[in-house]
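Chains, contacts and geometry: an overview
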Amino acid sequence: MNIELTELDGITMLAPSGRIDTTTSGAVEQSVKHAVDMGARLLVIDFSATEYISSAGLRVFLVLAKRMRDLRGRLILCGMPEPVAQVFRLAGFMALFQVEKSRADAISRIGSPA
């Protein structure tokens, strides 16, 4: 598991790679928590290098979505490979998030009104 963190024009981008499961979800949670604690209010999560996500990983993003809503921030997920998108769909989570196909689409959308 590797988590790339970049910032561009006030938009924080996190790109986890590998598997997000019980073993690695803690590291992902710490990374997103740290970014938000440091002031990230426009946040893009790029799943393009994520192979798999478990229910433990889903919980991380559900908690993040609630926190971003409480902070009046914006959160957009993007680049979901089909196995990751399928887990989000089966859990009924797709309706809870703004999801874009690519990082470029997410960056374009996060700068526009919800």
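Here's what I pulled together on the structure shown here.

The rules we used
- Residues numbered from 1 in each chain as written.
- Predicted model: local features only at pLDDT ≥ 70, side-chain atom pairs only at ≥ 80, totals over all residues.
- Heavy atoms only, no water.
- 1 Å grid on protein atoms, 1.4 Å probe; cavity = no way out; pocket = protein on both sides within 12 Å on 5 of 7 lines; lining within 4 Å.
- Points joined across faces, edges and corners; volume = space filled by probe spheres on them.
- Helix = DSSP H or I, 4+ residues; strand = E, 2+ residues; numbered from the N terminus.
- Nonpolar A, V, L, I, M, F, W, Y, C, P; charged D, E, K, R; others polar.
- Buried < 20%, exposed > 50% of the residue type's maximum accessible area, 1.4 Å probe, protein only.
- Phe/Tyr/Trp six-rings, centres within 6.5 Å; stacked < 30°, edge-to-face > 60°.
- Salt bridge = Lys/Arg side-chain N within 4 Å of Asp/Glu carboxyl O.

**Here's the deal with the layout of surface pockets**
What the largest pocket holds in volume is close to 170 Å³. Lining of the largest pocket is provided by 10 residues; of these, Ala-65, Gly-73, Arg-74, Leu-75 and Leu-96 occupy positions nearest its centre. Here the element with the most residues in the lining of the largest pocket is helix α2 (residues 55-70); it accounts for three residues. Broken down by class, the residue content of the lining of the largest pocket amounts to six nonpolar, two polar and two charged.

**A short note on unusual backbone geometry**
Unlike most non-glycine residues, Asp-9 shows phi in positive territory, near 50 degrees. Since its relative accessible area comes to 74%, Asp-9 is described here as exposed. Backbone geometry places Arg-72, a non-glycine residue, at a positive phi of 60 degrees. Along the chain, Arg-72 falls in the loop between α2 and β5 (74-78). The exposure class assigned to Arg-72 is exposed, which follows from its relative accessible area of 77%.

**Structural notes on the packing of aromatic side chains**
Taken as a whole, this structure holds five aromatic pairs when the rule is applied. Between Phe-47 and Phe-61, the ring centres sit 5.1 Å apart and the planes meet at 70 degrees, which makes this aromatic pair edge-to-face. One end of the pair, Phe-47, is in the loop between β3 (42-46) and β4 (50-53); the other, Phe-61, is in helix α2, and 14 residues separate them in sequence. Considering the side-chain rings of Phe-47 and Phe-88, the 5.8 Å spacing of their centres and the 65 degrees angle between planes classify their relative orientation as edge-to-face. You can see Phe-47 sitting in the loop between β3 and β4 and its partner Phe-88 sitting in helix α3 (residues 82-90), a full 41 residues away along the chain.

**What about the pattern of salt bridges?**
One side chain can pair with another of opposite charge once the charged atoms of both are near each other. Under the definition given, this model contains nine salt bridges. A salt bridge links Glu-29 to Arg-59; the nearest nitrogen and oxygen atoms lie 3.1 Å apart. Placement of the pair is Glu-29 in helix α1 (residues 25-37) and Arg-59 in helix α2, with a sequence separation of 30 residues. Residue class for Arg-59 comes out partly exposed when judged on its relative accessible area of 42%. In this structure, Arg-67 engages Asp-37 in a salt bridge whose closest nitrogen and oxygen atoms are separated by 2.5 Å. Here the residue Arg-67 occupies a position in helix α2, and Asp-37 occupies one in helix α1, the gap between them amounting to 30 residues.

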